[in-house]
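Inside the fold
Each chain, written out:
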Amino acid sequence: MNRVLAALFAGALFGIGLVLSRMTDPTVVLGFLDVAGAWNPSLAIVMGAAVATTTLGYRLALRRGRPVFDTDFHMPVARVVDTALLAGSAVFGVGWGLSGYCPGPALTALAGGVGSALWFVPAMLAGGLLQRLTTRAA
Amino acid sequence: MAPWLGPLFGGILIGLAATVLLWLNGRVAGISGIVNGLLRPAPGGDRGWRVAFVFGLMGAGGLAMRLLGQSTASPAPLPLLLVAGLLVGYGTSLGGGCTSGHGVCGLARLSKRSLVATGTFMAAAVATVYVVRHVLGAAP
């Protein structure tokens, strides 16, 4: 129950952060990605602030040796830069550049009632499912 | 209010959220990872916190958007939105992360994989926008 409440709280903070930073507005995101056009640096500020805060926060959190509500940290174990990482990231980037949406903002925008997200999110879930299914078959 | 204050505070909040999730639950706040963990049949006990996180994200975020009157749509036409969604869903699953998982949490951990992933999806996104807007001349 603690873990569930903690996750709920973290999710809420994250969602509010996305909205305050306007990452839920695809035109703001596309404005950053449009380096040859009327450039909007907002995303750089958001990422910079987020990474700096998380770097410090992670350092402090990991110092405990274990999470408050679990026995171990669940960190990603993969270390090798492989084809899946490169191909997956490239494919993701194209989709992001076409729409201005990545997973978090898309879900938030859906809850915010934006029509674009209503189409994007199911397609996103389908894409993820497709990748899972094709991996298993391999 | 200066235009950079929202991005600054928003970014700090995102960082705090990621920190809280790691500090309390020991989990990385990568949205695609959290959602993909729901799509994949998970062992008992793993689903609860994921559902809760998404609930919080959508609940608080959705409410905030409505209160602030944020409703800007994506400029992409419907068929492109569907394709983009498929690509984002497929790509983040294959690549093991997205802007939050690799871009924020991964970089904060000084992960080489995340550095490469972030550079790759940023480059791909920038290139895509360039082609769409400045080569094909499609409306922004």
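Check the entry above for the structure.
To start, this report covers the structure provided alongside it. (Residues numbered from 1 in each chain as written. Chains lettered and ligands numbered in written order. Predicted model: local features only at pLDDT ≥ 70, side-chain atom pairs only at ≥ 80, totals over all residues. Heavy atoms only, no water.)

What chain B contains, in helices and strands, is six helices and zero strands. Principal-axis analysis of the C-alpha atoms places the extent of chain B at approximately 50 × 40 × 30 Å. For chain B, the proportion of its 140 residues judged to be buried stands at 54%. Taking as baseline every contact in chain B between residues at least 6 positions apart, the subset at least 24 positions apart corresponds to 31%. Total accessible area computed for chain B in this model is approximately 5,800 Å², and 73% of it derives from carbon and sulfur atoms. (Helix = DSSP H or I, 4+ residues; strand = E, 2+ residues; numbered from the N terminus. Buried < 20%, exposed > 50% of the residue type's maximum accessible area, 1.4 Å probe, protein only. Contact = heavy atoms within 4.5 Å. Areas by Shrake-Rupley, 256 points an atom, 1.4 Å probe, with all protein chains shown as cover.)

With 103 residues of chain A in contact, the opposing surface of chain B contributes 98 residues. Roughly 9,000 Å² of surface becomes buried between chain A and chain B when both sides are summed, with 76% attributable to carbon and sulfur atoms. Area buried by chain A at its contact with chain B is led by A:Phe14, A:Tyr58 and A:Leu98, which between them contribute 8% of it. Between the two partners, chain A and chain B, sit two salt bridges. Here chain A and chain B share 17 residue pairs in polar contact (both at pLDDT 80 or more) between them. For the side of chain A that touches chain B, the elements supplying multiple residues, two or more each, are helix H1 (2-20), helix H2 (26-33), helix H3 (42-63), helix H4 (83-99), helix H5 (103-111) and helix H6 (115-137) of chain A. With 17 residues, H1(A) is the single largest residue contributor to the side of chain A that touches chain B. Within the side of chain A that touches chain B, the residues separate by chemical class into 64 nonpolar, 28 polar and 11 charged. (Buried area = accessible area lost by both parts, 1.4 Å probe. Salt bridge = Lys/Arg side-chain N within 4 Å of Asp/Glu carboxyl O. Polar contact = N/O pair within 3.5 Å; in protein donor to acceptor, adjacent residues only side chain to side chain. Nonpolar A, V, L, I, M, F, W, Y, C, P; charged D, E, K, R; others polar.)

Turning our eyes to something else, we now look at H1(A). The end-to-end C-alpha distance of H1(A) is 27 Å, a good match for the 27 Å that 19 residues give at a rise of 1.5 Å each. Of the positions making up H1(A), those classed as buried are A:Ala6, A:Ala7, A:Ala10, A:Gly11, A:Ala12, A:Leu13, A:Phe14, A:Gly15, A:Gly17, A:Leu18 and A:Val19. Next to the buried residues of H1(A) lie H5 of chain A together with helix H1 (5-25), helix H2 (31-39), helix H3 (47-68) and helix H5 (99-108) of chain B. Just downstream of H1(A), A:Arg22 is the residue with a positive phi angle, here 65 degrees. (Expected span 1.5 Å × (residues − 1).)

This part takes up the packing of H5(B) against helix H6 (residues 112-135) of chain B. Residue and element names in this part refer to chain B. For the pair H5 and H6, the least separation of the axes is 9 Å and the interaxial angle reads 135 degrees. Taken as axis vectors, H5 and H6 run oblique relative to one another. As H5 runs across H6, the sense of the crossing is left-handed. Across from Thr99, Gly101, His102, Gly103, Gly106 and Leu107 in H5, the residues of H6 making contact are Ser114, Leu115, Ala117, Thr118 and Phe121. (Axes fitted to C-alpha atoms, helices over the stretch in contact; angles between N-to-C directions. Parallel < 35°, antiparallel > 145°, perpendicular 65-115°, else oblique. Left-handed = near helix turned anticlockwise from the far one by under 90°.)

What follows concerns unusual backbone geometry. Phi at A:Arg22 takes a positive value of approximately 65 degrees, unusual for a residue other than glycine. Position of A:Arg22 relative to the elements: it lies in the loop between H1 and H2. A relative accessible area of 37% means that A:Arg22 is categorised as partly exposed. At B:Leu110, a position not held by glycine, the phi torsion is positive, near 60 degrees. Relative to the assigned elements, B:Leu110 resides in the loop between H5 and H6.

It is worth spelling out the pattern of salt bridges at this point. Taken as a whole, this structure holds five salt bridges over all chains when the rule is applied. Taking the shortest distance from any N to any O, the salt bridge between A:Arg22 and A:Asp25 comes out at 3.6 Å. Of the charged contacts in the structure, one is a salt bridge between B:Arg27 and B:Asp46, with a shortest N-O distance of 3.2 Å. Residue B:Arg27 is found in the loop between H1 and H2, and its partner B:Asp46 is found in the loop between H2 and H3; the two are separated by 19 residues along the sequence. Comparing B:Arg27 with B:Asp46, the two get one shared label, buried. Within the structure, one salt-bridge network assembled from shared partners comprises B:Arg27, B:Asp46 and B:Arg50.

The next subject is the nonpolar core. Core analysis: the largest hydrophobic core is formed by 65 residues, its most contacted members being A:Phe14 and A:Trp96. The dominant element in this core, judged by the number of residues it contributes, is H1(B), at eight residues. Beyond its immediate sequence surroundings of up to four residues, A:Trp96 is in contact with A:Val29, A:Leu30, A:Leu33, A:Leu43, A:Tyr101, A:Cys102, B:Val88, B:Thr99, B:Phe121, B:Met122 and B:Ala125. (Core = buried A, V, L, I, M, F, W, Y, C linked by side-chain atoms within 4.5 Å.)

Another point: the packing of H4(A) against H6(B). At a minimum axis separation of 7 Å, H4(A) and H6(B) run at an interaxial angle of 35 degrees. The chirality of how H4(A) crosses H6(B) is right-handed. For the pair formed by H4(A) and H6(B), the contact residues are A:Leu85, A:Leu86, A:Ser89, A:Ala90, A:Phe92, A:Gly93, A:Val94, A:Trp96, A:Gly97 and A:Leu98 on the first element and B:Arg113, B:Val116, B:Ala117, B:Thr120, B:Phe121, B:Met122, B:Ala124, B:Ala125, B:Thr128, B:Val129 and B:Val132 on the second. By residue class, the composition of the contact of H4(A) with H6(B) is 15 nonpolar, five polar and one charged.

The values are spatial; any link to function lies outside them.
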